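Residues per chain are reported as follows:
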Amino acid sequence: MADTETLDDLVRRVDPDRWLASRFIGDAAARADVIALYAMNYELARVAGGVTSALMGEIRLTWWREAMEEIAAGNAPRKHPNVEALAAAKFDPNALAALSEARFTDLDEGPLKDEAAVLAYVDGTAGALAVLAARRLDPSADPHAVKGAARAWGLSGLWRLKQAGRDRLPADWTRADMKRRVEDQLKAARGEVRGLPVAAFPAVAPAALARAYMAGREMGELEKKARLTVAVATGKL
């Protein structure tokens with residue numbers, strides 16, 4: 001992150017889909033908090049690909065976990081723009097620490113062993129992130145209402161990671177298998193998101209892009225905006 005780059009600039013650059021979805025958050029303070037959350041998610045997600053050993057990755061992830069635990073204990077936040085933003089945000093810092101803990105799985109060698117392991121990983125990363133964002137946007141948001149959408153988005157992300165050369169999926173999982181799994185989660189999400197408050201919908205809106213990604217399509221920003229706009233307007237994925 002460059003010295004002059006804001007967290008909003010960072011998320012726009014490194015996580016453009018979630019950034020686009022965040023534009024549908026009307027409350028400026030809530031939007032800023034969610035952006036800080038997404039910035040932290042980026043910092044955690046990039047650890048595994050940016051270190052030369054698992055030990056170095058453990059040190060970096062532990063730094064983030066302990067920074068969140070210190071906030072939970074009432075200590076002054078560490079001098080880091082993202083940490084300071086999260087300290088001022090309306091998130092449970094213990095839940096943020098758990099996000100850091102979930103990323104230790106990224107440091108394991110080899111793929112996740114089976115479907116249960118894949119879903120546990122997705123629930124602990126993309127799922128936990130979506131729950132935190134949704135409940136910041138509306139505290140009454142039911143965590144179960146984001147489950148299918150977050151899984152669809154997380155699974156499509158793992159497939160894109162595989163295409164980029166960082167494969168965490170079981171060796172026998174094909175594109176057809178993944179498309180079926182993503183579609184199953186989107187089908188579940190159709191019923192689940194009906195119980196999601198309108199204000200919280202941007203937390204799951206990126207899942208509206210999952211089908212196109214699984215079809216191997218790279219979308220331009222205008223198409224992404226159109227898909228997200230329809231999803232938010234209709235409350236459907």
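Just above, that's the structure.
We now turn to the structure provided with this report. Remember, predicted model here, so these are calculated numbers, not experimental data.

Reading guide: rules and limits
- Residues numbered from 1 in each chain as written.
- Predicted model: local features only at pLDDT ≥ 70, side-chain atom pairs only at ≥ 80, totals over all residues.
- Heavy atoms only, no water.
- Helix = DSSP H or I, 4+ residues; strand = E, 2+ residues; numbered from the N terminus.
- Rg over C-alpha atoms; globule rule 2.2 N^0.38 Å.
- Buried < 20%, exposed > 50% of the residue type's maximum accessible area, 1.4 Å probe, protein only.
- Contact = heavy atoms within 4.5 Å.
- Areas by Shrake-Rupley, 256 points an atom, 1.4 Å probe, with all protein chains shown as cover.
- Lys, Arg positive; Asp, Glu negative; His and termini not counted.
- Charge placed at Lys NZ, Arg CZ, Asp CG, Glu CD.
- Patch = residues over 30% accessible without salt bridge, like charges linked within 9 Å, V, L, I, M, F, W, Y side chains within 5 Å.
- Salt bridge = Lys/Arg side-chain N within 4 Å of Asp/Glu carboxyl O.

## A short note on the overall build of the protein chain
Item 1. In terms of helices and strands, the protein chain carries eleven helices and zero strands.
Item 2. In sequence order, the secondary structure elements of the protein chain are arranged as α-α-α-α-α-α-α-α-α-α-α.
Item 3. The C-alpha atoms of the protein chain give 17 Å as radius of gyration, which agrees with the globular expectation for 237 residues (18 Å, within 12%).
Item 4. By its C-alpha atoms, the protein chain is 45 × 40 × 30 Å across when sized along the principal axes.
Item 5. In the protein chain, which comprises 237 residues, the share counted as buried stands at 47%.
Item 6. Residue pairs in contact within the protein chain that sit at least 24 positions apart in sequence constitute 68% of those at least 6 positions apart.
Item 7. Here the protein chain displays about 11300 Å² of accessible surface, and carbon together with sulfur accounts for 52% of that area.
Item 8. In the protein chain, 34 positive and 33 negative side-chain charges are present, and the distance between their average locations comes to 6 Å.

## Regarding a positive patch on the surface
Item 1. Taken together, the side chains of Lys187, Arg190, Arg194 and Lys236 make up a positively charged region of the molecular surface.
Item 2. Relative to the helices and strands, lysine 187 resides in helix α9 (residues 175-192).
Item 3. With relative accessibility at 57%, the residue lysine 187 sits in the exposed group.

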